[in-house]
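In case you want the letters, here they are:
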Amino acid sequence: MEDATRTFGKGSCPPGPVPEGLIRVYSMRFCPFAHRTRLVLRAKGIRHEVININLRNKPEWYYTKHPFGQIPVLENSKCQLIYESVIACEYLDDAYPGRKLYPYDPYERARQKMLLELFYKVPHLTKECLVAIRCGRECADLKLALRQEFCNLEEVFPVVISSTAFTNRKSSTPSGEMENIFFHPRSITLKILGYQNTVFFGGDCISMIDYLFWPWFERLDVYGIADCLNHTPALRLWTAAMKQDPTVCALLIDRSIFLGFLNLYFQNNPDAFDYGLTC
Amino acid sequence: MSGGSARSLAKGSAPPGPVPQGLIRVYSMRFCPFAQRTLLVLKAKGIGHEIININLKNKPEWFFTKNPFGLVPVLENSQGQLIYESAITCEYLDEAYPGKKLLPDDPYEKACQKMVFQLFSKVLTNKKTTFFGGNSLSMIDYLIWPWFERLEVLELNECVDHTPKLKLWMAAMREDPAVSSLLIEAKAFRGFLDLYLQNSPEACDYGL
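This structure is a prediction, so every number in the text was calculated from the model and none was measured.

K.L.:
Hey, could you run me through the interface of chain B and chain A in this one?
P.N.:
The parts lose accessible area when they come together, and the size of an interface is often stated as this lost area. Contacts between the two partners involve 25 residues from chain B and, on the opposite side, 23 residues from chain A. In total, chain B and chain A occlude about 2,200 Å² of area from one another, counting both sides; carbon and sulfur atoms represent 72% of this. Across the chain B-chain A interface, the total number found is 5 salt bridges. Between E90(A) and K114(B) there is a salt bridge, with its nearest N and O atoms 3.0 Å apart. Taken together, the links from chain B to chain A amount to 5 residue pairs in polar contact (both at pLDDT 80 or more). Those elements giving two or more residues to the side of chain B that touches chain A turn out to be β4 (82-84), α2 (86-96) and α3 (107-118) of chain B. Considering every element that reaches the side of chain B that touches chain A, the biggest residue donor is α3(B), with 7 residues. Within the side of chain B that touches chain A, the residues separate by chemical class into 14 nonpolar, 4 polar and 7 charged.

Take a look at the structure:
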């Protein structure tokens, strides 16, 4: 993997300028926000270099890249810096040619941004659940709140009444009609933001909004909260479809390495961020 | 461009009909700074629109079919498409309508405006150009303006006394045609605020 390099910590030398033809991302192998940016870089085939930052022992020079020392940050060969994961992802889609991850249509673009609003509590809640579980605390309330957020996202998908729904979606008739599938609207959210038939959040193909959501869903299992998807079948179908995407697969983090990182992280070990690196 | 000074629609009101071709509708409220962002962009781009004011203290049931969060602003076009969240509505209008682009074409410059929007308060002390996006007025200025307009009305202008660049910016903004055409009259705003803080359903229609 491109990002399998040791972190830069306090006392490290600042990296030089970014070579022409490359873009650099300051990242950390286990950070979900940086994961978004790495997914987009990969999906669009953008040549890039990764510099991992030790988040518990940040290099002094890193504050010249981001005022609060956060990741991800993009830096190009013109020394331009872009931060906030969603802004960085949109910048990459705008600045680089090839496959567009955001739709061209202004309404469809706006729809993806409205969908993102439905997601805003998920990062905080998943983190709180992780911390509670790791510290041996009760987190039933947090998990309930997270399940509620997942229910809100579930409402974007039509209710599918068919046991072979997933296979049928892939084999629609030439006229575009789906066989043996009945859709019924679930809610107002669906009427405003939903589609008639959709595997992914943006339609039949994976797009930006799916990549923006994905990192947290990949982490549910390793955080110990995969059961929060128990009542959301459409979301489970979506996660299964995501795991078949080549970009998602290429960046999938090995479970045992992630667990090793989490163990060290919760022991406040600054070597956590380099766990699993062989060099 | 009708409806800016129309009475708000409240609980029990009939839902409005479809949006006529050639117009876009904005669900708004006369004193809401978020909705004012959208109105500023509609004005600045010369987009033909109609305004339906919503009584935010006594919302019509049908309004939740326009925005599940029940908030203004919401855009509705003649195809029945709905867009909510003020910044999203503003960007949609800039992309969907011709004429002067408020967001820059350059991807980096556009990203900068978005970063600025997020780091609003940090930029106040670091601002180096006349307007927030450079030397001419652009999207970020419209997004920020409504709060500064209200500072003056609420007699909180002392907040900007120690930042002379900000005072200069406010003066420059008042000269903009879109901004000056939508300026809220101080007494009306204070009247609205009094009633609003008492939770009165008459607040949104104060002065009509």
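Now, onward.
K.L.:
Any chance you could explain the packing of helix α5 (residues 140-154) of chain A against helix α8 (residues 208-223) of chain A here in plain terms?
P.N.:
Residue and element names in this part refer to chain A. Relative orientation of the contacting elements α5 and α8 amounts to 135°, with a least axis distance of 14 Å. The pairing of α5 with α8 is recorded here as oblique in orientation. Where α5 crosses over α8, the handedness of that crossing is left-handed. On α8, the residues touching L146, F150 and L153 of α5 are F213, F217 and L220.

K.L.:
Would you mind going over the packing of helix α1 (residues 32-43) of chain A against α8(A) with me for this structure?
P.N.:
Angle between the axes and distance between the axes: these two values describe a pair of packed helices. Residues and elements named next belong to chain A. Here α1 crosses α8 at 135°, and the two axes come no closer than 9 Å. Our classification of the angle between α1 and α8 gives oblique. For α1 against α8, the interelement crossing comes out right-handed. Every residue of α8 that contacts α1 at P32, F33, H35, R36, L39, V40 and A43 is listed here: M208, Y211, L212, W214, P215, W216, E218 and R219. Considering only residue class, the contact of α1 with α8 consists of 11 nonpolar, 1 polar and 3 charged.

K.L.:
Where do I start with the packing of aromatic side chains in this structure?
P.N.:
Both the distance between ring centres and the angle between the ring planes are used here to describe each pair of aromatic rings. Residues and elements named next belong to chain A. A full pass over the atoms with the stated rule returns 34 aromatic pairs over all chains. Relative to F213, the ring of F201 has its centre 4.8 Å away and its plane inclined at 85°; by these criteria the two rings are edge-to-face. With a gap of 12 residues between them, F201 in the loop between α7 (188-193) and α8 and F213 in helix α8 connect regions that are remote in the sequence. You can call F201 buried: its relative accessible area is 1%. Aromatic side chains Y265 and F273 sit 6.0 Å apart centroid to centroid with 80° between the ring planes, which places their arrangement in the edge-to-face category.

About the criteria used
- Residues numbered from 1 in each chain as written.
- Chains lettered and ligands numbered in written order.
- Predicted model: local features only at pLDDT ≥ 70, side-chain atom pairs only at ≥ 80, totals over all residues.
- Heavy atoms only, no water.
- Contact = heavy atoms within 4.5 Å.
- Buried area = accessible area lost by both parts, 1.4 Å probe.
- Salt bridge = Lys/Arg side-chain N within 4 Å of Asp/Glu carboxyl O.
- Polar contact = N/O pair within 3.5 Å; in protein donor to acceptor, adjacent residues only side chain to side chain.
- Helix = DSSP H or I, 4+ residues; strand = E, 2+ residues; numbered from the N terminus.
- Nonpolar A, V, L, I, M, F, W, Y, C, P; charged D, E, K, R; others polar.
- Axes fitted to C-alpha atoms, helices over the stretch in contact; angles between N-to-C directions.
- Parallel < 35°, antiparallel > 145°, perpendicular 65-115°, else oblique.
- Left-handed = near helix turned anticlockwise from the far one by under 90°.
- Phe/Tyr/Trp six-rings, centres within 6.5 Å; stacked < 30°, edge-to-face > 60°.
- Buried < 20%, exposed > 50% of the residue type's maximum accessible area, 1.4 Å probe, protein only.

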